[in-house]
Amino acid sequence: MSRLLRSVVCVAGVASLLAGATTAAIPVKLSPYHQPPWLIRRGEPVTLAYALLNSSVTGTVYARSNLQRSFTRLTLVRGPYCPGDPVDAAAMRRDKVCGEALVAHVPRKLTGGSKLFYYAVLHDSASGRSVTVPTGGAAKPQRVWIVDRFLSVSLGTHRFGRRRAPDAIVARSGPKGVGLTCCADPPGGDGPSSFDRAQDGSIWVLDRLNHRLLVWRAGHPAHPARSVTLPRNLNVSDFSVGRNGTIFIRAGDTADLGNGNKDHLYALMATGRLHWQAPTTAGIATAQLQLGPNGALYAVQACGLTCAPFGGHVLWTPLTTRAGRPLSLAERAEGTSPFEPLPSGLRLVTELSFSVARFALINQADEIVRAWRVTSGTRLSGMLGAPTLVGGDPVLPLEVSAQQHWEKLIVRLGPTGGTRVRFALADRPVVGEVNLFAPLRIGADGRLYQLRTNLKTGASVARYSLGARVAAASRKIGRWRP
């Protein structure tokens, strides 16, 4: 089971114990859990599921392909539902990430063309309420892509313990130069857990326990050139350096004695002085705060408890404008997407299951550029980091596991299938487990960086090559024509 699913299931279990027998008496909002099957193979049937609903809810799905003008009516029936690929259903049942849902089976005749459109109408006989999902109904239905041919990538069976050595150490500090603590219970301890590489190549590391950011100049790894003092009342868990030098941090206010949410998003000036404060995002962070291709700040969040036990949607939520000003909650909601924004107007569609993963690049015309189907003989346990394009190829920070063994598997997909680059890294290279996400970033220089801490050696940031960057002329990505 992935760390994300373990977190969701554990929280859900505690919540159910606290709720006890009173849960049945609480009215459930008519708001289903639904994970669209974003990438469908052409001509194959597909199952649509709507979960986390009372037994009194019934419904109908209306579906059509882009080749058809009218919707076909499909009755939703109650049945078992697992959120991953069908080949992984048995393993998901063992891991208790399946449940009951209203399901509809879309026939092959509706999965021709290039897109499938559908919407559901749900009715609760107990309350008399009805809802259309999505709310736009036939005028603005849900859209998923139909893929004629996936590029094939086979990862085989992973061999643990063969981790790649760094190409270089770009920042380091001894154990006396950073705050590190340890305790008896694993994972235990605390210390640096987040870092960034700024546009000028400088390396920034969050020294949590000393309430500061350490900054190394590019090409000078021996010791930090300076530090930025952080407000003492902020318990910082993550940060990112903006293009204009603004420091964005996600933190809890330890001085706030009120009853509301203590976690906020803050913008600091280069000196560490507070510039503005805004609400943070809900859910579980699955990657460090990220700058989008236009310079706007994004949070990458899984929905957490509201999706238990299914794991749940990962959403990319813009937090600022490209100039670094905070967005309102309404502006955030309008810009939130399950797809990662990439340069040149591309978006990355991701679907992960235990042994199968699907990825696609979508252009500004909403067309598939390329699509990959990745299979693995070792369990894929998540992707707790942000993918990036390098030379036009998606680079994926996957997590693989077998029994008590865990490692990060870095994969650069090839433009015609297979992989250009593949190597393993330590799963948890830092002391403690402050954050769920991995301390990994892929820089604008097309190389991967990893934060590492150790009680004896201190903190360092390692650099890894991801292979040659393709020349600009061959990096152009147009519509895929298999």
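Residues numbered from 1 in each chain as written. Predicted model: local features only at pLDDT ≥ 70, side-chain atom pairs only at ≥ 80, totals over all residues. Heavy atoms only, no water.

1. Some words on the packing of aromatic side chains
Phase 1: Within the structure shown, the criterion is met by eight aromatic pairs.
Phase 2: With a centroid separation of 5.3 Å and an interplanar angle of 80°, the aromatic rings of Phe71 and Tyr119 are classed as edge-to-face. Of the two residues, Phe71 sits in the loop between β3 (57-65) and β4 (72-75) while Tyr119 sits in strand β7 (residues 115-124), which places them 48 residues apart along the sequence.
Phase 3: Note on Phe423 and Tyr464: the rings are 5.8 Å apart at their centroids and 25° apart in plane angle, and the pair reads as stacked. On the criterion of sequence distance, the pair formed by Phe423 in strand β32 (residues 419-426) and Tyr464 in strand β35 (residues 458-465) is long-range, its members being 41 residues apart.
Phase 4: Through successive ring pairs, a cluster of aromatic residues spans Trp38, Trp145 and Phe339. (Phe/Tyr/Trp six-rings, centres within 6.5 Å; stacked < 30°, edge-to-face > 60°. Helix = DSSP H or I, 4+ residues; strand = E, 2+ residues; numbered from the N terminus.)

2. Description of the environment of Thr246
Phase 1: For Thr246, the location among the structural elements is in the loop between β16 (234-241) and β17 (247-253).
Phase 2: The buried category is assigned to Thr246, whose relative accessible area is 10%.
Phase 3: Along the chain, Thr246 and Leu268 lie 22 residues apart, while their C-alpha atoms are 5.9 Å from each other.
Phase 4: When residues no more than four places from it in sequence are discounted, the contact partners of Thr246 are Ser240, Val241, Ala267 and Leu268.
Phase 5: Polar contacts involving the side chain of Thr246 include one to the side chain of Asn244, which spans 2.8 Å. (Buried < 20%, exposed > 50% of the residue type's maximum accessible area, 1.4 Å probe, protein only. Contact = heavy atoms within 4.5 Å. Polar contact = N/O pair within 3.5 Å; in protein donor to acceptor, adjacent residues only side chain to side chain.)

3. Focus: the pattern of salt bridges
Note that side chains of opposite charge can pair when their charged atoms are close.
Phase 1: Tallying each qualifying case throughout the model produces 20 salt bridges.
Phase 2: Among the ionic pairs, Arg41 bridges to Glu44, the shortest N-O distance being 3.5 Å.
Phase 3: Close ionic contact of Asp366 with Arg143 constitutes a salt bridge, the shortest N to O distance being 2.9 Å. Taken together, the positions of Asp366 in the loop between β26 (356-362) and β27 (368-375) and Arg143 in strand β9 (residues 142-147) put the pair 223 residues apart, joining distant regions of the chain. Here Asp366 and Arg143 have matching classes, each one buried. (Salt bridge = Lys/Arg side-chain N within 4 Å of Asp/Glu carboxyl O.)

4. Structural notes on the confidence of the model for the protein
Phase 1: In the predicted model, the protein carries a mean pLDDT of 88, and 89% of its residues have values of at least 70.
Phase 2: A low-confidence stretch, residues 471-475 (pLDDT under 50), is modelled with three contacts involving residues beyond four sequence positions or located in other chains. (pLDDT = per-residue confidence, 0-100.)

5. So, the nonpolar core
Phase 1: The biggest cluster of nonpolar side chains holds 33 residues, and the ones touching the most others in it are Leu39, Tyr50, Val61, Leu116, Tyr118, Trp145 and Val349.
Phase 2: When contributions to this core are tallied by element, the ones reaching two or more residues are β1 (39-41), β2 (46-51), β3, β6 (99-106), β7, β9, β26 and β27.
Phase 3: When near neighbours in sequence (up to four residues on either side) are disregarded, Val61 contacts Leu48, Tyr50, Thr72, Arg73, Leu74, Leu76, Ala104, Tyr118, Tyr119 and Ala120.
Phase 4: Formed by 21 residues, the second largest nonpolar core is a distinct cluster that contains Leu346, Leu389, Leu396 and Leu398. (Core = buried A, V, L, I, M, F, W, Y, C linked by side-chain atoms within 4.5 Å.)

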